[in-house]
Amino acid sequence: DPQQLELATSSKRKLRRFVVIDEVVDELYGSKVREYFEENKVQYKILALPTTEETKSMDLVLSILQEVQSFSIDRRTEPIVAIGGGVCLDIVGLAASLYRRRTPYIRVPTTLLSYVDASVGAKNGVNFLQCKNKLGGYTPPVASFLDRSFIQSIPRRHISNGLGEILKMALMKHKGLFDLLKSHGKYLLDTKFQSYSGPADHGDAALQTTRIAIETMLEELAPNLWEDDLDRLVDFGHVISPELEMRVLPSLMHGEAVNIDMAFMTYVAYVRGLITAEEREQIIQCMRGLELPVWHGGCSWSLIKKALMERLKHSGGQPRMPLPTGLGIAEIFNDTSEETLERAYKLWVMD
């Protein structure tokens, strides 16, 4: 809107921004963010908060909204800015969607997981009654600003955690991405996804990997943004993992729980005859190469059965189980018997 643009850039009205930043990110980058706003003569309020799975609640959403109310933003021209990992982006997205029914917001992901996952799509939410993301909605951000330089300061385990979601897209949709992860996984972990004009054999593996992961995610999400169709390949790794992740908090990170789910489902696909023993082994070895857990003691047979019951409740009475049918290709299945699942579970545990 030219009028809004003129208003925003004219000297009559000072630019104002309300920023929610994860407290760890604030320690690392808060001074740079403040310098940026001061240099550009922006009036700002920065709210630094602990944004973890344990604090991901409506209480935190309401405390953000109290601060938003006292700062008094214009819901047309002053988007709320969220700077942090996936939990931060989810919480702020929900807060923005509730304030005056819908206030624009901007996502700035600072972890690999949020860069390739939470930054894409429309979902936001918080945990409720020990259930992951039980409260939430679909309100896309007005923008996501992607800057991989944030990733260089996160621990190696967090890089591996993000690689779990990238591997999900590789196994479901893109053999080329799977090959990239197999060939360059250790290099990406070592270099923390920064782009270097180093060894020619690596090319710009970080840029290629993140770009393909985001493009394949968008391909899946864009036509089904509000999940009218519950058959979703992006649910691979998300059938058992929500139950497991919440049960063992904080011992598993999100991408790790997703990978354990994917490892089990790889065995299910093998037992069903959808993939060969060699393909199963390639997938498990790739997971190990990315330093992701392929099994967890908390993932008991009873937990799997409970998770599948929850899945049926929220997926229209069908399991809608995405399974690989090769490397980089997949289908949704509704006919996996309990006997097949149990056989796969026993083989997985034995291995």
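Each residue is numbered by its place in its chain's sequence as written, counting from 1. This being a predicted model, a pLDDT of at least 70 is required before a residue's local features are given, and a value of 80 or more before pairs of side-chain atoms are given or counted; all residues contribute to the totals for chains, interfaces and linings. The side-chain numbers reported here are obtained from all heavy atoms of the structure, hydrogens and water having been left aside.

**Let's talk about the nonpolar core**
Line of reasoning, step 1. By nonpolar core is meant a set of buried Ala, Val, Leu, Ile, Met, Phe, Trp, Tyr and Cys residues that side-chain atoms within 4.5 Å join together. Throughout this description, buried means an accessible area under 20% of the type-specific maximum (1.4 Å probe, protein chains only), exposed means over 50%, and partly exposed covers the range between. Counting 72 residues, the largest nonpolar core has Leu-167, Ile-240 and Phe-264 as its most contacted members.
Line of reasoning, step 2. When residues of this core are assigned to their parent elements, the largest contribution, 11 residues, is made by helix H10 (residues 254–271).
Line of reasoning, step 3. Of all hydrophobic cores here, the second largest spans 25 residues; its members include Val-61, Ala-95, Tyr-99 and Ala-118. Runs of H or I in DSSP of at least four residues are treated as helices and runs of E of at least two as strands, each being numbered from the N terminus.

**Considering the packing of aromatic side chains**
Line of reasoning, step 1. Each pair of aromatic rings taken from Phe, Tyr and Trp, with Trp reduced to its six-membered ring, is defined by centres within 6.5 Å and is described as stacked if the planes are under 30 degrees apart, edge-to-face if over 60, and tilted in the remaining cases. Summed over the entire model, instances satisfying the criterion amount to 8 aromatic pairs.
Line of reasoning, step 2. Both rings, one in Phe-264 and one in Trp-348, keep their centres 5.2 Å apart while their planes meet at 40°; by these two values the pair is tilted. Taken together, the residues Phe-264 in helix H10 and Trp-348 in helix H13 (residues 338–350) connect sequence positions 84 residues apart. For the pair formed by Phe-264 and Trp-348, the shared burial category is buried.
Line of reasoning, step 3. Aromatic side chains Tyr-345 and Trp-348 sit 6.0 Å apart centroid to centroid with 65° between the ring planes, which places their arrangement in the edge-to-face category. One end of the pair, Tyr-345, and the other, Trp-348, are both in helix H13, 3 residues apart, so they sit about a helical turn from each other.
Line of reasoning, step 4. Site record: aromatic cluster; members linked through ring pairs are Phe-264, Trp-301, Tyr-345 and Trp-348.
Line of reasoning, step 5. The ring centre of Tyr-270 lies 4.4 Å from the NZ or CZ of Arg-280, which sits over that ring. Only when the NZ of Lys or the CZ of Arg is both within 6 Å of the ring centre and within 35 degrees of the ring normal is a charge said to sit over the ring.

**A look at the domain arrangement of the chain**
Line of reasoning, step 1. Boundaries between domains were set according to an automatic or database domain assignment. For the chain, the assigned domains are domain 1 (12–152) and domain 2 (156–224 + 232–350).
Line of reasoning, step 2. A straight line from the C-alpha centre of domain 1 to that of domain 2 covers 27 Å.
Line of reasoning, step 3. Listed per partner, the contact involves 20 residues of domain 1 and 27 residues of domain 2.
Line of reasoning, step 4. Here domain 1 meets domain 2 over a buried area of about 2,000 Å², counting both sides, of which 68% is carbon and sulfur.
Line of reasoning, step 5. When two parts are brought into contact, each loses some accessible area as probed by a 1.4 Å sphere; the total of that loss over both is the buried area. When the buried surface of domain 1 facing domain 2 is broken down by residue, Leu-112, Leu-113 and Arg-148 rank first, second and third, together holding 32% of it.
Line of reasoning, step 6. When a carboxyl oxygen of Asp or Glu lies within 4 Å of a side-chain nitrogen of Lys or Arg, that pair is called a salt bridge. If you look at where domain 1 meets domain 2, you find 1 salt bridge.
Line of reasoning, step 7. We define a polar contact as two N or O atoms separated by no more than 3.5 Å, with the added condition that, inside protein, one atom must be a possible hydrogen donor and the other a possible acceptor, whereas residues neighbouring each other in sequence contribute only through side-chain atom pairs. On the surface where domain 1 and domain 2 come into contact, there are 5 residue pairs in polar contact (both at pLDDT 80 or more).
Line of reasoning, step 8. Those elements that place two or more of their residues in the side of domain 1 that touches domain 2 are helix H5 (112–118), strand S5 (123–128) and strand S6 (131–138).
Line of reasoning, step 9. If you tally residues by element for the side of domain 1 that touches domain 2, the top one is H5, at 5 residues.
Line of reasoning, step 10. Each residue belonging to the side of domain 1 that touches domain 2 can be placed in one class, and the counts come to 8 nonpolar, 5 polar and 7 charged. Only heavy atoms enter the contact rule, under which two residues are in contact if any of them lie within 4.5 Å. Here the nonpolar group is Ala, Val, Leu, Ile, Met, Phe, Trp, Tyr, Cys and Pro; Asp, Glu, Lys and Arg are the charged ones; every other residue, Gly included, is treated as polar.

**Details of the sheet that holds strand S2 (residues 43–49)**
The pairing of strands in a sheet comes from backbone hydrogen bonds and takes either a parallel or an antiparallel form.
Line of reasoning, step 1. A pair of strands is treated as paired once DSSP finds two or more bridges between them. Read from one edge of the open sheet, 5 strands run S2-S1-S3-S4-S7, paired in parallel fashion. Strands with a single pairing partner mark the edges of an open sheet, and in this sheet they are S2 and strand S7 (143–144).
Line of reasoning, step 2. Note: strand S1 (residues 16–22) against strand S3 (residues 80–84), 4 bridges, orientation parallel. Bridge pairing in S3 links Val-20 to Ala-82.

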